[in-house]
Amino acid sequence: MITHSTYQTQIQMTSSSISTSSGLTRVFAAAVVSRQFCKMLLSDPVTALQNGYLGETFKLSNEEHNLLISIHAENLADLARQVNKALHR
Amino acid sequence: MILLFAVASGFAFGLGWVRWLGQPYQPPALKHLWLVFVSFLPQFIAIYFPNTRAQISDEWASGILIASLIGLLGFAWLNRNLLGMKILFVGAVLNFTVIVANRGFMPISPQTASHLVSEEIVSEIPIGSRFGTKDILLLPEQTRFEILADRFLTPTWLNYPVAFSLGDVFLAIGIFLLLAIQTKKERDVP
């Protein structure tokens, strides 16, 4: 059994990202499905973005790239919240 | 949610029934309750608790989930004499079967998953990846015992989409009977 609330946070973060960038959407989608990538994104975002996911790199604008590597988030929800906040300023 | 509903409605029904008869509520006399805690604790650490979940690989998580289910099956078997527990046991066996047959996680199809999250997100998730806590995204044709997978959905008017399996239905019925009718049986014992 699985409920939609499992992904509630992720829906919120991706829905705001979709309108901004498919690259950001892909970063968060990769973080959702891969705990290893998520962990690296939170601890070492520079390497995580450089390595990409499943052999695919992320197409991010400089602003998005700089934003992701400058945020120090405790978890994915926190990262999404901070990205969302920054992009809607 | 379906299991929570079964617990709440079973308890409420049982409580209402004995109150109507003017007698105290008798909870089911469960044996070896410690087995539930011992079985569920590793599952909680590996699957639900965010801080530890991130440290455990999918392979270990599936192994822990299976071991945990074996423990819970043992608990249900040891209490099989209680009304409802046999149905609960059948539900647990069905879920255990489909999980073991599908890489240690409960399979869910992209079509069903798209009712829980947007299709755009589902399309980003590779087939064979974990989905949520205990599920794995698999195409129906790749799924063994597909009829036992998380393939049923709550009605749309509920506005709270939940995907559940046939095993979950048995589990819910078993839990309801255990909490609602057991009290009546025990009350009838002189």
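Quick caveat: nothing in here was measured; it's all calculated off a predicted structure.

A. Looking closely at the interface of chain A and chain B. Each partner contributes to the interface: chain A provides 18 residues, whereas chain B provides 30 residues. Both sides of the chain A and chain B interface together cover about 2000 Å² of buried area, and 63% of this is carbon and sulfur. Here chain A and chain B share 1 salt bridge between them. Across the salt bridge formed by Arg35 of chain A and Asp58 of chain B, the nearest N and O atoms sit 2.8 Å from each other. Between the two partners, chain A and chain B, sit 2 residue pairs in polar contact (both at pLDDT 80 or more).

B. Layout of a nonpolar patch on the surface. A cluster of nonpolar side chains, contributed by Phe40, Leu41, Phe44, Ile45, Tyr48 and Phe49 of chain B, occupies part of the molecular surface with about 500 Å² of accessible area. Relative to the helices and strands, Phe44 of chain B is located in helix H2 (residues 34–48).

C. Summary view of the packing of helix H5 (residues 85–101) of chain B against helix H8 (residues 166–180) of chain B. Residue and element names in this part refer to chain B. At their nearest, the axes of H5 and H8 sit 7 Å apart, and the two run at 160° to each other. Relative to H8, the element H5 is oriented roughly antiparallel. H5 and H8 meet at a crossing whose hand is left-handed. Contact residues: H5 offers Met85, Ile87, Leu88, Val90, Gly91, Ala92, Leu94 and Asn95, while H8 offers Leu166, Gly167, Asp168, Phe170, Leu171, Ile173, Gly174, Ile175, Leu177 and Leu178. Here the residues of the contact of H5 with H8 are counted per class, giving 13 nonpolar, 4 polar and 1 charged.

How each quantity is defined
Residues numbered from 1 in each chain as written. Chains lettered and ligands numbered in written order. Predicted model: local features only at pLDDT ≥ 70, side-chain atom pairs only at ≥ 80, totals over all residues. Heavy atoms only, no water. Contact = heavy atoms within 4.5 Å. Buried area = accessible area lost by both parts, 1.4 Å probe. Salt bridge = Lys/Arg side-chain N within 4 Å of Asp/Glu carboxyl O. Polar contact = N/O pair within 3.5 Å; in protein donor to acceptor, adjacent residues only side chain to side chain. Patch = residues over 30% accessible without salt bridge, like charges linked within 9 Å, V, L, I, M, F, W, Y side chains within 5 Å. Areas by Shrake-Rupley, 256 points an atom, 1.4 Å probe, with all protein chains shown as cover. Helix = DSSP H or I, 4+ residues; strand = E, 2+ residues; numbered from the N terminus. Axes fitted to C-alpha atoms, helices over the stretch in contact; angles between N-to-C directions. Parallel < 35°, antiparallel > 145°, perpendicular 65-115°, else oblique. Left-handed = near helix turned anticlockwise from the far one by under 90°. Nonpolar A, V, L, I, M, F, W, Y, C, P; charged D, E, K, R; others polar.

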